[in-house]
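Fold and geometry: a report
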Amino acid sequence: MENNPDDIAKLEVSEKLRYDLRSAAEWGKLIAILSFISSGMSLIIGFRKGSIVLSVIFAAISVFVYFFLFKFGAEVKKAIDSNDQEKLNSGLRNLETYFKILGVIMIIVLIICVLAIVFLMLGRMIKF
Amino acid sequence: MEEEVLSIPRLQIDQAAQTSLRETTRWTNFIAIMTYVLMGLILLALVFMFQYKGAFINVIKKAPEMSQFSDALGLVVVALAFVIIIGLGIFGIINYILLRFSNQTRTGVDQQDQIALERGISSLKVYLIIIGGFSILGIIVSLTQFIIIL
């Protein structure tokens, strides 16, 4: 008798999980769309104030990050509505990518903060 | 006909979905913990600056031309500290919900616990609802600034 790993206790998308995933997907999609709008407005404000390069960089990063949250929202909602396993898996992969990118950005920000503190302390030591 | 009804596939959290969720919880765990570390550093900086500001305000108070404004300066510093602490409190709660999503979903996937998984996804829903609420507030503020600048 062969034991297929898929036959062992399965986690299923119960009614509660369907409801919560669908709700999470809708809000994720809304957050992404609001971020796209905000990036667009920041871009225009940046152009008017003359800081074009910085505005483009921040807008590009924001759009890139929230694109994956949008895909999570769109695909999981479609998956729940049409009972599509592939779409659900794809949506969850996009959620993973979204948080992965946020984690990497956090690491970069932390490194910059640590470097700034180190240079600040070095600067003070040199002054004395 | 009963066979047709029974054969409609139900969505499942299969191996691929479990792998994605496991990776997601690793990153959200990291993000939540690092956020708490950052918040702790901000609090420490606040305490340090608050003590330093006290000495600074005392120096300003000694100058005769600035003495009339010294009370206002003190109030501004206290108000700013209060706002930052409230902000950190709210942020801390949001972060706790993200951590709860991470821990409960991880437990659900690792131990094949349906209830833990449901709790985890429920926490994700609450987290996104709160972030969504702040995003709506943020876009209203941004729109106001945008209209003013235009």
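Structure first, text after, so check above.
The sections below set out a description of the structure shown in this document. Source: prediction; values computed, not measured.

Contact residues are listed per partner, giving 48 residues for chain B and 47 residues for chain A. A combined buried area of about 4400 Å² lies between chain B and chain A, and 73% of that area is made up of carbon and sulfur atoms. When the buried area of chain B at its contact with chain A is split by residue, B:Leu11, B:Trp27 and B:Leu128 rank highest and sum to 17% of it. At the junction of chain B with chain A, the criterion picks out one salt bridge. For B:Lys125, the salt bridge is made with A:Asp20, and the minimal N-O distance between the two is 3.1 Å.

This next bit is on the packing of helix H1 (residues 15-49) of chain A against helix H2 (residues 52-82) of chain A. Residue and element names in this part refer to chain A. Remark: H1 packs on H2, axes separated minimally by 7 Å, with the N-to-C direction vectors making an angle of 160 degrees. Viewed along their axes, H1 and H2 adopt a mutual orientation that is roughly antiparallel. The way H1 lies across H2 gives a crossing that is left-handed. For the contact of H1 with H2, the per-class residue count stands at 21 nonpolar, eight polar and six charged.

All names here are of chain B. Secondary-structure assignment places Asn95 in helix H3 (residues 70-110). Relative accessible area serves as the criterion here: at 6%, Asn95 is assigned to the buried category. Filtering out sequence-adjacent residues up to four positions away, Asn95 remains in contact with Ile31, Ala32, Thr35 and Tyr36.

Any two side chains of opposite charge can pair, on the condition that their charged atoms come close. Taken as a whole and judged by the stated rule, the model has nine salt bridges over all chains. A:Asp81 is the partner of A:Arg22 in a salt bridge, and the nearest nitrogen-oxygen pair spans 2.8 Å. Here A:Asp81 lies in helix H2 and A:Arg22 lies in helix H1, a separation of 59 residues in the sequence. According to the relative accessible area criterion, A:Asp81 is partly exposed, its value standing at 48%. Through salt bridges with shared partners, a single network forms among A:Lys16, A:Asp20 and B:Lys125.

Here we take up unusual backbone geometry. Positive phi outside glycine occurs at A:Asn83, with the angle close to 55 degrees. Among the structural elements, A:Asn83 can be located in the loop between H2 and helix H3 (85-127). According to the relative accessible area criterion, A:Asn83 is partly exposed, its value standing at 25%. One non-glycine residue with positive phi stands out, namely B:Gln112, at about 55 degrees. Note on placement: B:Gln112 falls in the loop between H3 and helix H4 (114-149).

Residues and elements named next belong to chain A. Within this structure, the stated rule accounts for six aromatic pairs over all chains. Aromatic side chains Phe64 and Phe68 sit 5.4 Å apart centroid to centroid with 85 degrees between the ring planes, which places their arrangement in the edge-to-face category. Highlighted residues: Phe64 and Phe68, both in helix H2, separated by four residues, approximately one helical turn. Relative accessible area serves as the criterion here: at 15%, Phe68 is assigned to the buried category. When the centroid spacing of 5.5 Å and the interplanar angle of 75 degrees are considered together, the rings of Phe67 and Phe68 count as edge-to-face. Looking at Phe67, the relative accessible area reads 40%, which means it is partly exposed. Cluster of aromatic residues (ring-pair linked, three or more members): Phe64, Phe67 and Phe68.

Here we come to the environment of A:Ala24. Within the secondary structure, A:Ala24 is located in helix H1. A C-alpha to C-alpha distance of 37 Å links A:Ala24 and A:Ala116, two positions 92 residues apart in sequence. If we skip the residues at most four places from it in the chain, A:Ala24 touches A:Phe72, B:Leu124, B:Lys125 and B:Leu128.

So, about the side chain of B:Gln18. Structurally, the position occupied by B:Gln18 is in helix H2 (residues 15-62). With a relative accessible area of 4%, B:Gln18 lands in the buried category. Once you skip the residues sitting within four places of it in the chain, B:Gln18 turns out to touch A:Leu11, B:Ile13, B:Val109 and B:Gln112.

Conventions adopted
- Starting afresh in each chain, residues are numbered from 1 along the sequence in its written order.
- Whichever chain is written first is A, and whichever ligand is written first is 1; the rest continue in order.
- Whole-chain, interface and lining totals are the exception, using all residues; otherwise, since this is a predicted model, local features are given only for residues with pLDDT of at least 70 and side-chain atom pairs are given and counted only at 80 or more.
- Hydrogens and waters are ignored; side-chain quantities use all the structure's heavy atoms.
- Two residues form a contact once any of their heavy atoms are found within 4.5 Å.
- Once two parts are brought into contact, the accessible area they lose, counted with a 1.4 Å probe and summed over both, makes up the buried area.
- Take a side-chain nitrogen of Lys or Arg and a carboxyl oxygen of Asp or Glu: if they are within 4 Å of each other, that pair is a salt bridge.
- Axis definition: a line fitted to C-alpha atoms, limited for helices to the stretch in contact. Angles are taken between N-to-C directions and run from 0 to 180 degrees.
- Helix and strand definitions follow DSSP, with helices as H or I runs of at least four residues and strands as E runs of at least two, each counted in order from the N terminus.
- An angle counts as roughly parallel when it lies under 35 degrees, as roughly antiparallel when it exceeds 145, as roughly perpendicular when it falls between 65 and 115, and as oblique in every other case.
- Handedness of a crossing follows from how the near helix is turned relative to the far one, being left-handed for an anticlockwise turn of less than a right angle and right-handed for a clockwise one.
- Residue classes follow a fixed rule: Ala, Val, Leu, Ile, Met, Phe, Trp, Tyr, Cys and Pro count as nonpolar, while Asp, Glu, Lys and Arg count as charged, and any other residue, Gly among them, counts as polar.
- Accessibility here uses a 1.4 Å probe with only protein chains present; expressed as a share of the type maximum, an area under 20% marks a residue as buried, one over 50% as exposed, and anything in between as partly exposed.
- Only the six-membered ring of Trp is used, alongside the rings of Phe and Tyr, when aromatic pairs are assigned; centres must lie within 6.5 Å, and planes under 30 degrees apart are stacked while those over 60 apart are edge-to-face, with the rest tilted.

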